[in-house]
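Observations on chain architecture
These are the residues of each chain, in order.
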Amino acid sequence: MLDRFLTDPEASGPYDWHGWSDPGRWRRRWAENGLLGEDGGYLMVVSGADRLGFVAWHKVVTSRFSYCWNVGINLLPEARGSGFGTQAQRLLVRYLFAHTQIARIEAITDAANIAEQRALEKAGFTQEGVLRSYAFRDGEWRDAMLYSVVRADIRGTDHPVRLRSLH
């Protein structure tokens with residue numbers, strides 16, 4: 001399933017396709033650390049036996065003595081628009097706050113990706129601003145939206161989506 005995001009523009013969607021990518025990348029990362037490390041990781045988004053996509057996080061150093069996490073998600077086309085992304089991101093926030101000492105989690109999304117902006121807001125993130133000419137995609141520089149959630153913002157809800165280690 002993960003290879004599909006590197007080789008199928010439809011799977012990645014219009015905001016996450018940045019051209020053809022190394023098809024061996026997932027397998028090398030899996031062999032290196034099982035896609036879980038001190039500086040970030042990947043967890044599968046599942047509903048029952050269905051694999052829907054993945055969530056990811058990586059460390060962003062904010063000063064000599066502190067860092068935050070930057071998170072992202074990619075769901076298969078058939079899983080989008082059903083609330084799975086919102087719940088998966090909410091669960092990832094809970095997981096990262098429960099198992100790391102960080103105080104802030106941020107997410108960045110294409111300014112035109114209204115569905116992801118809504119999902120982030122439903123998951124408890126607050127919009128902080130516009131990052132102008134942030135990412136190059138499809139022949140032009142695109143603006144992005146910056147979102148964050150801090151420990152004080154956490155709130156819970158139940159949903160049939162779970163996160164699972166790729167092991």
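Everything discussed here concerns the structure shown above.
The shown structure was predicted, so the numbers you read here are calculated from the model rather than taken from an experiment.

Focus on the nonpolar core
Inside soluble globular proteins, nonpolar side chains tend to come together where they are buried. In terms of nonpolar packing, the biggest core is built from 25 residues, with Val71, Ile105 and Phe125 touching the most fellow members. Elements with a minimum of two residues in this core: strand 2 (40-47), strand 3 (50-63), strand 4 (66-75), helix 4 (84-99), strand 5 (104-110) and strand 7 (140-150). Apart from residues lying up to four places away in sequence, Phe125 is in contact with Val71, Val93, Ile105, Glu106, Ala107, Leu120, Tyr147, Ser148 and Val149. Formed by ten residues, the second largest nonpolar core is a distinct cluster that contains Leu2, Phe5, Ala11 and Ala56.

A closer look at the pattern of salt bridges
Side-chain pairs of opposite charge can arise where the charged atoms are in close proximity. Counted under the stated rule, the structure contains ten salt bridges. The partner of Asp3 in a salt bridge is Arg27, with the nearest N and O atoms 3.1 Å apart. Highlighted residues: Asp3 in helix 1 (residues 2-7) and Arg27 in helix 3 (residues 25-33), separated in sequence by 24 residues. By relative accessible area, which is 24% here, Asp3 ends up partly exposed. Classification of Arg27 as exposed rests on a relative accessible area of 57%. The residue Lys59 makes a salt bridge to Asp39 at a minimum N-O spacing of 3.4 Å.

Quick look at helix 5 (residues 114-122)
Three or more residues of helix 5 are buried, namely Glu116, Gln117, Ala119 and Leu120. Along helix 5, the residues classed as buried sweep out an arc of 160° about the axis, all on the same side. Pointing more than 90 degrees away from the buried face of helix 5 are the exposed residues Ala115, Arg118 and Lys122. Buried positions along helix 5 lie against strand 4, helix 4, strand 5 and strand 7. The positive-phi residue at the C-terminal boundary of helix 5 is Gly124, with phi of around 105°.

Parameters at a glance
- Residues numbered from 1 in each chain as written.
- Predicted model: local features only at pLDDT ≥ 70, side-chain atom pairs only at ≥ 80, totals over all residues.
- Heavy atoms only, no water.
- Core = buried A, V, L, I, M, F, W, Y, C linked by side-chain atoms within 4.5 Å.
- Buried < 20%, exposed > 50% of the residue type's maximum accessible area, 1.4 Å probe, protein only.
- Helix = DSSP H or I, 4+ residues; strand = E, 2+ residues; numbered from the N terminus.
- Contact = heavy atoms within 4.5 Å.
- Salt bridge = Lys/Arg side-chain N within 4 Å of Asp/Glu carboxyl O.
- Arc of directions from axis to C-beta.

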